[in-house]
Structures are given as C-alpha cells and as structure tokens.
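# Coordinate inspection notes
Okay, here's what each chain looks like letter by letter:
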Amino acid sequence: MLKQVHHDQNAALGVNPLYSGLVPEGGLPRFMLPQQPMAPDAAAALVRDGLILDGNSRLNLATYCTTWMEPQAKALISETLDRNLVDHDQYPQTAELEARCVNILDHLWNDPDRQSIGCSTGGSSEAAMLAGLAMKFRWRDQRRARGEATDRPNLVMSSAVHTCWPKFCRYWDVEPRYVPIHEPRFAVDAAEVIEHCDENTIGVVAILGSSATGTYDPVTEIAGGLDGLATHGGLDIPLHIDAAVGGFVTPFLEPDLVWDFRLRRVASINASGHKFGLTYPGVGWIIWQNPDFLPKDLVFDCGLLGGSVPTFTLNFSRSGAPVVAQYYNFLRLGFEGYRAVQQECRDVASFLGEGVAQIPGLEVITDGSDLPVVTFRVRADEDRMTVFDLSDRLRRYGWEVPAYHLAPALEHIAVIRMVVRNGFSRDVAEMLLDDLRTEAQTLLGGSALPARTAHATRSTVTH
Ligand SMILES: *Cc1c(COP(=O)(O)O)cnc(C)c1O
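Residues numbered from 1 in each chain as written. Predicted model: local features only at pLDDT ≥ 70, side-chain atom pairs only at ≥ 80, totals over all residues. Heavy atoms only, no water.

The name given to the protein chain in an unreviewed UniProt entry is Glutamate decarboxylase, and the organism recorded there is Actinophytocola xinjiangensis. The UniProt entry for the protein chain carries the following text under Cofactor (unreviewed entry): "pyridoxal 5'-phosphate". The protein chain has a UniProt comment under Sequence similarities (unreviewed entry) that states "Belongs to the group II decarboxylase family." (UniProt positions renumbered as here; feature names shortened; annotations may be inferred.)

Shown next as structure tokens:
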C-alpha cells in the first residue's frame, strides 16, 4: 500500500511506562530508525502492543483470505520462512514441493494431456499479470509474424473483474474492454463477450466466482462462442479463467461443472492459495495448459544463484514458506478434506442466505450456490435504511461486512457481501443474523433490543 512520508522528525513512539529501563532513554522516534539497538523482548513487546489494535479476523466477513491455519502448518511456516523460493540450487526440495503443487492443481483442474506448465506467485494478482503478459506477447508474436499492426491490444472481460485486471491493462498498456453484467445472474452474457472481441483481442477473461457477488461467469458458453469464432480460420482467441476463489472450491463441490482444462479453449487458470486454498497470504498459482501459451522470451534463465532456473515472475526473491504451507494442506486434507471444508462453508452460506431472506426489508441477491458468498440488498421500495447504514451498525458489534455498489451496468445496486470461510460456523452465523435482524428492525422503526444489550450478548462470543 502506498504510504505518505511524514515530515515530523520529532514524532515519538508511545511507550508504556512499565517498559522504562527496557527501551533507550529519551524515547523512540516513530518515523526514523532508532539510534541504538534494544533488547529483543522489548522490541517484540512494542511491536505486539501496536498490533493489538488490528481487527478480530474471526468476525471479518469482508475478506476471502485465510486467517487460520493449524499449529502444525504454523510450525512449518516458521521453519521455512528463510528459504528463498527462487534459489532452486540451495533449496531444491522447496522447489520440488512447488512442482508437486503445480502438478496437483493441474490434475485437479482436469488437464487431459498433462502438458501444462505453471508456477506459484505472490497471489492471483501477480498470476493475472503473468497470464495477461503471456496473452499479450503471444498475440503480438502472431501478428508480427503476419506483418500486422500490434499497437492496439485489448482484453475482453466482465465489468465485475477484480482490480488486478484493470491494473494489468494499465500497467502493460492494454485496452480493457468491459462486458456489462446483468441481472438476475449478475454475470456476463456469453454472446455479448464474443461481440466485444476483434483481431486485437489478446484474450478473454472469465471469472469463476466474481469477488463482488460470488457468481460464476458462463465459462462453457464463452468457450463455445470462442470456438465458434475460430472455425473457418477465424479469430483464435485464448480464454483465461480467473479462478482466484473458485479454483479451490468448484473442483470439490461441483466436479461435473466444466470450466477448466477440459475445455481446450482454456489457455490458463489462476487461483489464490491464500483464499480457499486455505493457506496464509501470499501464495497464488498460475498454470498454462500448454507451453505454447507461454512465449519463450518471457522466461528468463538466471545463473546468479548457481545452476540455471527458468523463471517467469515479477519479483525475484520470495519466501518458500507459503508454498510449503500449501503443500502441507494438500497432504493433510486430501480431496475429501478440502471437500468437507468447502461444503461446510457452502452449507453455512445457504443457512445465512435463508436467514437474511426472512428479514423484512432485505432481499438476497446471491445465496452461496456458486461461491460460498451471500450478498443482499435493501428492497427497492424500502427507503428507511441502506446497506451502508447496516454495515456501519454491524461494525459496532465487531462484524466487518462491507457494503458497496455493484460493477458498472449494475452500479445502481448497493449490496452487502458476506464471505463464508473456513471456521465461520453456523453458531457464529446465527449471531450475525441476530445482530442483522436487530439493526434492520431498529432502522425500520420497530421495537428492537437496545444496543447495549446487543453488545453484552456479543461480548460472550468474541474470543
Ligand atoms: C482476490 C481475487 C483476485 C486477486 O487475488 P490476490 O490473490 O489477492 O492477488 C483476483 N481475482 C479474483 C476473482 C479475486 O477474488
């Protein structure tokens, strides 16, 4: 995140008086390096004191990111934090685990001929940059070979794509072409996606689970449309699947839904290991169905660390710990373990959705039947409250449930989104529903529990 530099040289770090004698006399600067070292316990205590103010991740329904792992995974992470993933020569076994993970995902995503190539990334955003660059370079190589102009590449995608895609387009000078999403599916229409394509389209991105509503784009129809375009020597446009979340959900819950490498049109898939891959941040994955989709001049061989390792990354050094933790999950949970965890999330999401549907004034938009995500709005004929009021009021209990406007074309609709992740139990969902019911009733002017009672109830469950 961008941070503004502070000019106040004299700003001091607040230090608890009980630490006197442990920290250097004369206090500590807030924005400058202290002159002298201090004891490790004192430094750790100061850092911890500050971090206490971070939110309680158990009550955070805004994020898709993993906020809990088993102690065994934590131990592995601290044992491997020092391994530099890029240094295959020094850490060949860490590299081997990365390779196993790529293979496991390729199999999970039903690659029929197992010719794929892929790697871990810092997250789906880096994966999106790599996938986008591969599409752009391939498109450019093909057009250059035919002597055609290469100055106006475009990428076709839903108006509901994650920020990483507009970011890719701006950073790498590609025109973003947004296809509007529609009610009641809150996804794109496949025919409209095809209409947006032309000879300058480097690729199409379909989302397996939009971040905003959890809805799947109609992947099979889009792939079919692109196959249609390609017949009779027409435009041969690759399809990328942004399965940041769904890549770790759909294979377990809907193994028969065809969205992956079973479709030969699908050139590449990304997923976030640190979302429903159940691993702490930062790990993502990108796999290309065939090395042909990855132009050679994007891959660098670096001999700096000994040996020679082909890499395609935006950064160089990165800890191997998240990859080790991802592999731990694969071993620990297996297919059935992942299925059980994701099924529980979906069940709790359905339960939440049913509960919300019964609250006067509210209307459920997505009920967890795609991703385990519930979104709802305030009924159009209800002007006594907004989702923003509700979101604010729920925050007083500690719940973080974001309210926002949907993507262009449906931006007049404001929703609240609740992401059900591992560990968000039915009990916790019931408490959230209670609080939501209370606050909706209050806003609608009905009788409700006074806020203090609600707080007292909550204080028994925030641990
Ligand atoms: C979260 C998300 C991303 C970005 O993923 P990071 O791993 O946070 O970089 C991209 N696309 C979708 C659909 C997402 O939900």
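Following the structure, the description resumes.
### A word on the sheet that holds strand 9 (residues 284-288)
Across the sheet, seven strands lie side by side as 3-9-8-7-6-4-5; this open sheet has mixed pairing. In this open sheet, the two edge strands, each paired with only one partner strand, are strand 3 (117-121) and strand 5 (175-179). Looking at each pair of strands side by side, their axes are set apart by 20° on average, direction ignored. The pairing of strand 3 with strand 9 spans five bridges and is classified as antiparallel. Bridge pairing links Ser120 to Trp285 in strand 9. With respect to the sheet, helix 5 (residues 164-171) is in contact with strand 4 (154-158), strand 5, strand 6 (201-207), strand 7 (239-242) and strand 8 (266-272), its orientation differing from that of strand 4 by roughly 170°. Packing against the sheet, helix 7 (residues 219-230) makes contact with strand 6 and strand 7, and its axis sits at approximately 165° to strand 7. (Pairing = 2+ DSSP bridges. Helix = DSSP H or I, 4+ residues; strand = E, 2+ residues; numbered from the N terminus. Axes fitted to C-alpha atoms, helices over the stretch in contact; angles between N-to-C directions. Contact = heavy atoms within 4.5 Å.)

### Points about the nonpolar core
The biggest cluster of nonpolar side chains holds 97 residues, and the ones touching the most others in it are Leu239, Ile241, Leu390, Met418 and Phe424. The dominant element in this core, judged by the number of residues it contributes, is helix 9 (residues 321-357), at 12 residues. Counting contributing residues, this core receives three or more from each of domain 2 (73-329) and domain 3 (345-462). Non-local contacts of Ile241, meaning those with residues more than four positions away in its chain, are made with Ala206, Leu208, Val219, Trp259, Val266, Ser268, Ile269 and Asn270. (Core = buried A, V, L, I, M, F, W, Y, C linked by side-chain atoms within 4.5 Å. Buried < 20%, exposed > 50% of the residue type's maximum accessible area, 1.4 Å probe, protein only. Domains from an automatic or database assignment.)

### So, the layout of surface pockets
When its volume is computed, the largest pocket comes out at roughly 620 Å³. Lining the largest pocket are 28 residues, with Ile117, Gly118, Cys119, Pro310 and Thr311 positioned closest to its centre. Elements that contribute at least two residues to the lining of the largest pocket include exactly helix 3 (92-108), strand 3 and strand 11 (309-311). Tallying contributions element by element places helix 3 first for the lining of the largest pocket, with six residues. (1 Å grid on protein atoms, 1.4 Å probe; cavity = no way out; pocket = protein on both sides within 12 Å on 5 of 7 lines; lining within 4 Å. Points joined across faces, edges and corners; volume = space filled by probe spheres on them.)

### Considerations on the sheet that holds strand 13 (residues 373-378)
Taken together, the four strands give an open sheet; going across it, the order is 12-13-15-14, and neighbouring strands pair in antiparallel fashion. The open sheet terminates on both sides in strands that have one partner only, identified here as strand 12 (362-367) and strand 14 (403-405). Adjacent strand axes in the sheet meet at a mean angle of 35°, parallel and antiparallel pairs treated alike. Sheet analysis places strand 12 next to strand 13, joined by five bridges and oriented antiparallel. Opposite Glu363, over in strand 13, you have Arg377 as the bridge partner. Contacts from helix 9 reach strand 12, strand 13 and strand 15 (414-419), with the element oriented near 160° to strand 12.

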